[in-house]
Amino acid sequence: MTIYNLGSINIDHIYRLDHLPRAGETLASRNYGLGLGGKGANQSVAAARAGSRTVHLGAMSQGDDWVIERLRGAGVDTSGIARMAEVPTGHAIILVDEDGENSIILHGGANHAIERSQLDRTLSTITSDDILLMQNETALQYEAARRAHEAGAKVIYSAAPFSIEALEAVIAQVSIIALNTIEARDLFEKLGEDLPVEGLLITHGAEGAEYRDLRAGKTYRQSAFKVVAVDTTGAGDCFAGWFAAGLDRGEDYPTALRHAAAAAAVQVTRKGAGDAMPERGEVMAFLQAQS
Ligand code: ADP
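In this text the structure is predicted, and so the values were computed from the model without any measurement.

### Topic: the overall build of the protein chain
Right, on to step 1. Along its length, the protein chain carries nine helices and 13 strands.
Right, on to step 2. Summarising its shape, the C-alpha atoms of the protein chain cover approximately 55 × 50 × 40 Å along the three principal directions.
Right, on to step 3. Each of the 291 residues in the protein chain was classed as buried or not, and the buried ones make up 54%.
Right, on to step 4. Considering only residue pairs separated by 6 or more positions, the protein chain has 60% of its internal contacts joining residues 24 or more positions apart.
Right, on to step 5. Put simply, the protein chain shows about 12900 Å² of open surface, and 48% of that area lies on carbon and sulfur atoms.

### Details of the site of the ligand
Right, on to step 1. Around the ligand, the surrounding shell holds 16 residues, and the nearest of these are Asn-180, Thr-203, Gly-205, Gly-208 and Gly-236.
Right, on to step 2. Between the ligand and Gly-205, the relevant distance is 2.8 Å, taken from an oxygen atom to a main-chain nitrogen or oxygen of the residue.
Right, on to step 3. Residue Gly-208 places a main-chain N or O atom 2.9 Å away from an oxygen atom belonging to the ligand.
Right, on to step 4. Protein coverage of the free-state accessible area of the ligand, which is 560 Å², stands at 83%.
Right, on to step 5. Ranked by residue count, the leading element in the shell around the ligand is helix α7 (residues 235–248), at three residues.
Right, on to step 6. For the shell around the ligand, a count of residues per class yields 10 nonpolar, six polar and no charged.

### Details of the environment of Ala-178
Right, on to step 1. The residue Ala-178 is located in strand β10 (residues 176–180) in this model.
Right, on to step 2. Apart from residues no more than four positions distant in its own chain, Ala-178 is found in contact with Ile-156, Tyr-157, Ser-158, Ala-159 and Leu-201.

### As for the pairing of strand β4 (residues 53–61)
Right, on to step 1. Within β4, eight of the nine residues are buried, which leaves it mostly tucked inside the rest of the structure.
Right, on to step 2. As defined by bridge partners, strand β1 (residues 2–6) adjoins β4 across five bridges and the pair is classed as parallel. Paired with Leu-6 across the bridge in β4 is Leu-57.
Right, on to step 3. Pairing geometry for β4 and strand β5 (residues 76–84), over seven bridges, is parallel. Note on β5: the bridge partner recorded for Ala-59 is Ala-82.
Right, on to step 4. For the segment spanning β4, helix α2 (residues 65–73) and β5, crossover handedness is right-handed.

### Digging into the pattern of salt bridges
Right, on to step 1. A complete count under the given rule lists 18 salt bridges for this structure.
Right, on to step 2. Here Asp-275 makes a salt bridge to Arg-70, at a shortest N to O gap of 3.1 Å. Residue Asp-275 is located in the loop between α8 (253–268) and α9 (280–290), and its partner Arg-70 is located in helix α2; the two are separated by 205 residues in the primary sequence.
Right, on to step 3. On the basis of relative accessible area, Asp-275 is assigned to the partly exposed category, the value being 31%.
Right, on to step 4. Among the salt bridges present, the one from Glu-150 reaches Arg-146, with a minimum N-O distance of 3.2 Å. Taken together, the residues Glu-150 and Arg-146, both in helix α4 (residues 141–150) and four residues apart, mark about one turn of the helix.
Right, on to step 5. Note on Glu-150: relative accessible area 55%, which makes it exposed.
Right, on to step 6. One connected set of salt bridges, linked through shared partners, spans Glu-193, Glu-210, Arg-212 and Arg-221.

### A word on the pairing of strand β8 (residues 131–135)
Right, on to step 1. Summarising burial for β8: five of the five residues are buried, a large majority.
Right, on to step 2. What you see with β8 is no split at all: Ile-131, Leu-133 and Gln-135 on one side and Leu-132 and Met-134 on the other are buried throughout.
Right, on to step 3. Inspection of the sheet shows β8 paired to strand β9 (residues 154–158) by five bridges, in the parallel sense. Looking across to β9, one finds that Ile-131 is bridged to Lys-154.
Right, on to step 4. Chirality of the crossover, the property in question, places the unit of β8, α4 and β9 among those that are right-handed.

The rules we used
- Residues numbered from 1 in each chain as written.
- Predicted model: local features only at pLDDT ≥ 70, side-chain atom pairs only at ≥ 80, totals over all residues.
- Heavy atoms only, no water.
- Helix = DSSP H or I, 4+ residues; strand = E, 2+ residues; numbered from the N terminus.
- Buried < 20%, exposed > 50% of the residue type's maximum accessible area, 1.4 Å probe, protein only.
- Contact = heavy atoms within 4.5 Å.
- Areas by Shrake-Rupley, 256 points an atom, 1.4 Å probe, with all protein chains shown as cover.
- Near = heavy atom within 4 Å.
- Polar contact = N/O pair within 3.5 Å; in protein donor to acceptor, adjacent residues only side chain to side chain.
- Nonpolar A, V, L, I, M, F, W, Y, C, P; charged D, E, K, R; others polar.
- Pairing = 2+ DSSP bridges.
- Right-handed = clockwise from strand over helix to strand, strands pointing away.
- Salt bridge = Lys/Arg side-chain N within 4 Å of Asp/Glu carboxyl O.

Pasting the structure below:
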């Protein structure tokens, strides 16, 4: 069984500054970091490290080979990633001041240039045993969801960045909507809580997470594990990737939730997003140390 992921790939450029620049100001940065990010890449790395066969469907420039190498190193199948000659890899310029306050510029680049032929080719092998992950950071969300839904695959859609128009365009093909507390509040305000999907995966940061099985009318809750968090970037993606991998392995909801919460707890103790996703062995050792 395979997890396909129509997902964004972003390069994070992180600059640490004394203060955030004002209009017209030139500032020297104290420190520079380069990392792998994008909700899609994060979720692919999380699912692959959780042990699932994971095929990333995306696009990036012809340079930036280290990104492909890092995805492959995590065990992600990168054959569905198109390399574009004229379009830059999606990237984020992240400015962080001394108090941890940040300003971010996001350029979607190649994430918005994924082509239909590439999507058809990569998803030509999807079956009802498979899962499609998606987030709201790429082109062709409707086309991918429709293809996967027609094949009988489970479609897990991270409604982030939240857009009601983007969600409404795919909701009829979606099995599970994954969101955080704020996104869930936006969703419930617009569409109510009785939604035409199989389930809702809602994460509540350090408060934990819940899975609402809307067909059975049952809610499963999972507390967050107590850790000292140093960087929570990508925690939701870690959770979503591990939860998907749990369902892919045939785990029940409580087990999938527990493993995802443990993985996210380990992930927030490290700096970075995609690079901070834990291996399966680390997560199992963490769980063992809890009991
Ligand atoms: P997002 O990154 O999408 O905003 P959340 O902040 O809700 O997602 O975090 C996702 C999951 O990561 C949580 O449900 C929890 O399991 C874990 N997590 C996040 N912050 C912490 C924390 N401070 N301590 C332990 N676990 C955390």
